Each structure stands twice: as structure tokens, then as C-alpha cells.
Amino acid sequence: MTLDYSTPDDQGVPTVLTPRLVLRGWRAEDVPAYLEIVSEEGMAAHTPQPSTEAAAWSQTAFQIGHWALRGYGMWAVEDRATGQLLGRAGLYEALGWPGCEVAWTIRRDRWNQGLATEAGRAALEFACDVIKRDDLISIMTADNIGSIRVATKLGLAFDRAETIQGGEYSIYTITRAEWAARPASAAGG
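Residues numbered from 1 in each chain as written. Predicted model: local features only at pLDDT ≥ 70, side-chain atom pairs only at ≥ 80, totals over all residues. Heavy atoms only, no water.

### Quick look at the confidence of the model for the protein
With 87% of its residues at a pLDDT of 70 or more, the protein shows a mean pLDDT of 88. For the protein, per-element mean pLDDT is lowest for strand β1 (residues 4-5), which scores 62, and highest for strand β4 (residues 74-79), which scores 97. (pLDDT = per-residue confidence, 0-100. Helix = DSSP H or I, 4+ residues; strand = E, 2+ residues; numbered from the N terminus.)

### A few points about helix α2 (residues 53-70)
Taking 1.5 Å of rise per residue, 18 residues should cover 26 Å, and α2 covers 25 Å from first to last C-alpha, within 8% of that figure. Considered for burial, the residues of α2 that qualify are A56, Q59, T60, Q63, H66 and W67. One face of α2 carries all of its buried residues, which in axial projection span an arc of 110°. Exposed residues pointing more than 90 degrees away from the buried face of α2 are listed as A54, W57, A68 and L69. In this structure, the buried side of α2 is in contact with α1 (30-38), β4, β5 (85-92) and α3 (115-130). Remark: G71 follows α2 within two positions and exhibits a positive phi of approximately 85°. (Expected span 1.5 Å × (residues − 1). Buried < 20%, exposed > 50% of the residue type's maximum accessible area, 1.4 Å probe, protein only. Arc of directions from axis to C-beta. Contact = heavy atoms within 4.5 Å.)

### Thoughts on the environment of F158
With respect to the secondary-structure elements, F158 resides in strand β8 (residues 157-164). With 20 residues separating them in the primary sequence, F158 and S138 have C-alpha atoms 9.2 Å apart. Non-local contacts of F158, meaning those with residues more than four positions away in its chain, are made with S170, I171 and Y172.

### Describing the pairing of strand β9 (residues 167-175)
Alignment of strand β7 (residues 135-140) against β9, held across six bridges, turns out to be antiparallel. Looking at the pairing, L136 lines up with I174 of β9. Where β8 and β9 come together, seven bridges link them in antiparallel fashion. Along β9, the bridge assignment pairs I164 with G167. (Pairing = 2+ DSSP bridges.)

Structure (C-alpha cells):
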């Protein structure tokens, strides 16, 4: 996939356009919609999610700060056709985290449409081609079949099980060399 990068916003976050999505910096007005997304049934089963507007606001502020501190982070993901906030996707590497993680959360009513894969592919392309990360991980619970499917479609492979912040997780990995060598059919677009 060839991504369309725009000039970074006033927070330094580049906007990325994919065929169906806009990956952009977070805004204060995203907080209520983001809380609605992560409050849907089953959304917190695999990843801790904020449960109040104040917690959603804090997580949004964290996402903005992550970009400022690391030069990369999670984008707000919106539908390119409608402007509807669909979730988040991008790169995450908090202090003490086991590596630079490519991650995604898409609203439940839009699952099984390839949106997480499209957003994850954009994040991987950014990580490998723009900021030149050599090693990337994706962390998920062993029973998160949907995210495992997305990770394997993107070329990540199971590496190990690990206890992180008291929970048991599966770590999937990909290197920049593996990303560059993937078959053209896996490149998407």
C-alpha cells in the first residue's frame, strides 16, 4: 500500500490516508466517541479500556504525549468517507514496555471489514519505512482470535508468552527486514 502522508498537525502528528481510513492526531472532541467505542460489550475483554469520560480524556492526553515524547504513537482512526471515529491504531512504547508495539482497536460494529488490518498495515509501514524501527511487536491475549488473525495477515509471527503488568499475553513479532521481504500479495493496497 502506498500511503499518503500529509504535513504534521500542530502537535507534530502526521495524518495518514489509506484507501478507507484517516489516521490522524487526537482531538479533545474525540473523547466522548472514544469512550463510547471502548465501552461496547467485549471491548475490554482483551485490553484494559477506560470506563469513564475522565479516564478516556486521560488516555487521549497520554496518546498526544506519546507522540511528543517518542515521535510516534497511536492515531485516532476515522472513516475516510463519513468522518466517524472508528478507534485507534499505531505504535505504543511506554516506559518499561517490552518493545515498540503495533496495535489497533476498532469499534465493534465495524469488525470483520478489514479495517484493523488496513490501519495496522499503515502503522507497520510507518514504523519500518519512516521511523526505521528494526523490531516490532504486537501484544494480545491468547484467546483474542481476531487480533491474532490481523497480526498474522500483517506478517507478525508468534514469538513467546509473557507476563505483562500481571496478565498473560502472547507476543507476536516482525522485523523491518521481514516486513520488506513480504510477498507483494501481503503488501495490501
